[in-house]
Amino acid sequence: MKGNSLRNKIGFFHTLLIFLSVEDINGLLFFHEHSYIELYSPDQNGDFGFSIAYQANLKSLVIGAPHSGLDGKVYTCPLDEAVKQKKFSCNSINIDIDKLAGNYSRHDSIDQEFCLGASISATPEYIFTCAPLWTSDFVDGNKTKFGALGTCFITNGTYASRYNGLFEQYVQQTSKRPKIDNIYGGIGWNTLYDPVNKLILIAKPSLTSSISVMNTSDPLKPTKAVDLGDDFIAYYFLGILIGFLHYDTSKNEMKILQGRSKPIIIEDDSMNSMYGASLHSVDLNGDGYSELLVGAPAQTNDVVMYEHGAVHFYLGGRKVFMFFLYDVIEKLVVVVINEFALLQSTFKSNYYLCVHGVEDGSRFGTAIGSSDIDGDGLPEIFISAPYEKSGKGSVYILSGFMITKLLQNKAIKSIKVTELTDMQKISNVPYKSFGFSILPVIDFHENGGKCKMSFFLFIKLYC
């Protein structure tokens, strides 16, 4: 870990956020493409927009720029102010790493970037953000070691505190310390806010994978590591396995979902597809059960081409589960999470659909989102291909009604995104990597649904 030279090789990123509004639905035009607003950072250096969340109390977007300076930065963009302007400069949040997490070290890497803002989650009360490449010296047995450990912070936009994570507990305690394998490699590359159970899940995907859990009602309380067992350790270099977590409310404990004493999993049977790089759950057909959408942005759909990308749709529902309950075979996995049912077969079940991209290197499926744009009660699906059109990028909006019908059609298992009839493609020619991140924010004006809005990120590269 001897520094970061990428910035010097390619210049720097200047990223902007496109805001697209919907006031009237006409035919298949979900968005008026020219009614966008550019949100930008006052700092020209950094990958502004790498991560994004919406903080409801502040009515503000929260945007990360993890490569802005050595520490990284997080910005707020108040939407009530932004919508009044064609271009809007966002405000940096003061998270003083020197003051809050000053026990870092850069002695083996003087230009080490901590990547504050690499992940952001927003609760109604505060913003949670991490610096996964925060480095420090630590004692492991009889040896002093150095490396990326990661740390996270809680802020309301004005005041900030450091959370009590696994490494923080490791330093404080002399006995019953968290396992160093759960810490070393950089905690906080991904976070997930669970409003139902009032939790934030914090992931460390590199080296030995780990997930820790924070109680949002008491964010300064020590986090706990989820026991992933040995089954997932074997896959941490392959990246072809999806497992499921469920929260045991009687014990206040997050656990791996199991069946017959073994973790219930979905495995990808293709190589190097980046299967699971993006995940999204949404009730597509209005039956009260969530479907699972899995992005595989590097999936190749033709032997002579590369990285078209794909999104795999898995139908959920009690009827689907009951149909197979008494006929479970080796090649079929049945998953039930709080009355959510999911089917996965080596040869794919009758309740499955794959929508794939068509252009080499486009990485269709990099980001996935959803929202009911046309008001029919069935959410539309947003899927990005940020490297389509020679790196300019595109976002596809798929009709929820159309996708629901396709999932019910047992004869169709795979379809090109360009073959879909009820679909809008947005590609703003002047920009690069359009759609790298997607965040739908609906009706923040609270006007009863008369105006619905969504947000898309693009990156523009200057060399």
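The rules behind these values
- Numbering of residues starts from 1 in every chain and runs along the sequence as written.
- Owing to the predicted nature of the model, reporting of local features is limited to residues with pLDDT of at least 70; listing and counting of side-chain atom pairs is limited to 80 or more, with chain, interface and lining totals taken over all residues.
- Each side-chain value is worked out from all heavy atoms of the structure, with water and hydrogens disregarded.
- The secondary structure listing takes helices from DSSP runs of H or I that are at least 4 residues long and strands from runs of E that are at least 2 residues long, numbered from the N terminus.
- Residue contacts follow a heavy-atom distance rule, with two residues in contact if any of their heavy atoms lie within 4.5 Å.
- Using a 1.4 Å probe, accessible areas were evaluated by the Shrake-Rupley method; residue-level cover was limited to the displayed protein chains.
- Strands qualify as paired when DSSP identifies two bridges or more between them.
- Any residue under 20% of the maximum accessible area for its type is buried, any over 50% is exposed, and the rest in between are partly exposed; the area is computed with a 1.4 Å probe on protein chains only.
- What qualifies as a polar contact is a pair of N or O atoms within 3.5 Å, subject to a donor-acceptor requirement within protein and to the restriction that residues adjacent in sequence count only when both atoms come from side chains.
- Each nonpolar core is a collection of buried residues, namely Ala, Val, Leu, Ile, Met, Phe, Trp, Tyr and Cys, held together in the definition by side-chain atoms within 4.5 Å.
- Two cysteine sulfurs form what is called a disulfide whenever their separation falls within 2.5 Å.

1. Remarks on the overall build of the protein
Move 1: For the protein, the helix and strand inventory stands at 7 helices and 36 strands.
Move 2: In the protein, once contacts between residues fewer than 6 apart in sequence are set aside, the share between residues at least 24 apart is 57%.
Move 3: Roughly 21,500 Å² of accessible area belongs to the protein as shown, and the carbon and sulfur atoms make up 51% of that amount.

2. Focus: the sheet that holds strand β15 (residues 199–204)
Move 1: Strand order across the open sheet formed by 4 strands is β14-β15-β16-β17, with antiparallel pairing between neighbours. Looking at which strands have only one partner, the edges of the open sheet turn out to be β14 (190–194) and β17 (224–225).
Move 2: Two elements, β14 and β15, share 5 bridges in a ladder whose sense is antiparallel. If you follow T191 over to β15, its bridge partner there is I202.

3. A word on the environment of Y351
Move 1: Mapping Y351 onto the fold places it in the loop between β28 (340–345) and β29 (352–356).
Move 2: With 55 residues separating them along the chain, Y351 and L406 place their C-alpha atoms 9.6 Å apart.

4. What about the pairing of strand β30 (residues 368–371)?
Move 1: Of the two faces of β30, both are covered, the one formed by I368 and S370 as well as the one formed by G369 and S371.
Move 2: In terms of strand pairing, β30 meets strand β31 (residues 380–385) through 4 bridges, oriented antiparallel. Looking across to β31, one finds that I368 is bridged to I383.

5. Quick look at the side chain of H280
Move 1: Structurally, the position occupied by H280 is in strand β24 (residues 278–282).
Move 2: Of note is the side chain of H280, whose polar atom sits 2.7 Å from the side chain of S370.
Move 3: Here H280 is in contact with E291, L292, L293, I368, G369 and S370, once residues within four sequence places are set aside.

6. What about the nonpolar core?
Move 1: Counting 32 residues, the largest nonpolar core has F128, W134, Y163, I183 and I202 as its most contacted members.
Move 2: Secondary-structure elements contributing two or more residues to this core are β8 (119–122), β9 (127–131), β12 (151–155), α4 (166–172) and β15.
Move 3: Counting residues per element, this core draws most heavily on β9, at 4 residues.
Move 4: Formed by 24 residues, the second largest nonpolar core is a distinct cluster that contains L284, V355, I415 and V417.

7. Here we look at the environment of C115
Move 1: Note on placement: C115 falls in the loop between α3 (97–100) and β8.
Move 2: Taking the relative accessible area as the measure of exposure, C115 reaches 1% and is therefore buried.
Move 3: For the pair C115 and H67, spaced 48 residues apart in sequence, the C-alpha separation works out to 5.7 Å.

8. Looking at unusual backbone geometry
Move 1: We note that E307 has phi near 45°; this positive angle belongs to a residue other than glycine.
Move 2: Following the sequence through the fold, E307 ends up in the loop between β25 (291–296) and β26 (310–314).
Move 3: Classification of E307 as partly exposed rests on a relative accessible area of 23%.
Move 4: Unusually for a residue other than glycine, S433 sits at a positive phi of about 55°.
Move 5: Within the element layout of this structure, S433 appears in the loop between β34 (423–426) and β35 (438–440).

9. Considering the state of the cysteines
Note: disulfide means a covalent bond formed between the sulfur atoms of two cysteine side chains.
Move 1: Under the definition given, this model contains 2 disulfides.
Move 2: Covalent S-S linkage joins C77 and C90, the inter-sulfur distance amounting to 1.8 Å. One disulfide, between C77 and C90, carries an S-S torsion of 110° and so falls in the right-handed class. Linking C77 in strand β5 (residues 73–78) with C90 in the loop between β6 (87–89) and β7 (91–92), this pair joins segments that are 13 residues apart in sequence.
Move 3: Paired through a disulfide, C130 and C152 show a sulfur-sulfur distance of 2.1 Å.

10. Points about the side chain of T404
Move 1: Topologically, T404 is positioned in helix α7 (residues 400–408).
Move 2: Given the relative accessible area of 10%, T404 is considered buried.
Move 3: T404 has contacts with L284, N285 and L378, leaving out every residue within four places of it along the chain.

11. Some points on the sheet that holds β5
Move 1: Spatially, β3-β4-β5-β7 is the arrangement adopted by the 4 strands of the open sheet, whose pairing is antiparallel. What marks the edges here is a single partner per strand, and that holds for β3 (51–55) and β7.

By themselves, these observations are geometric and do not establish any function.
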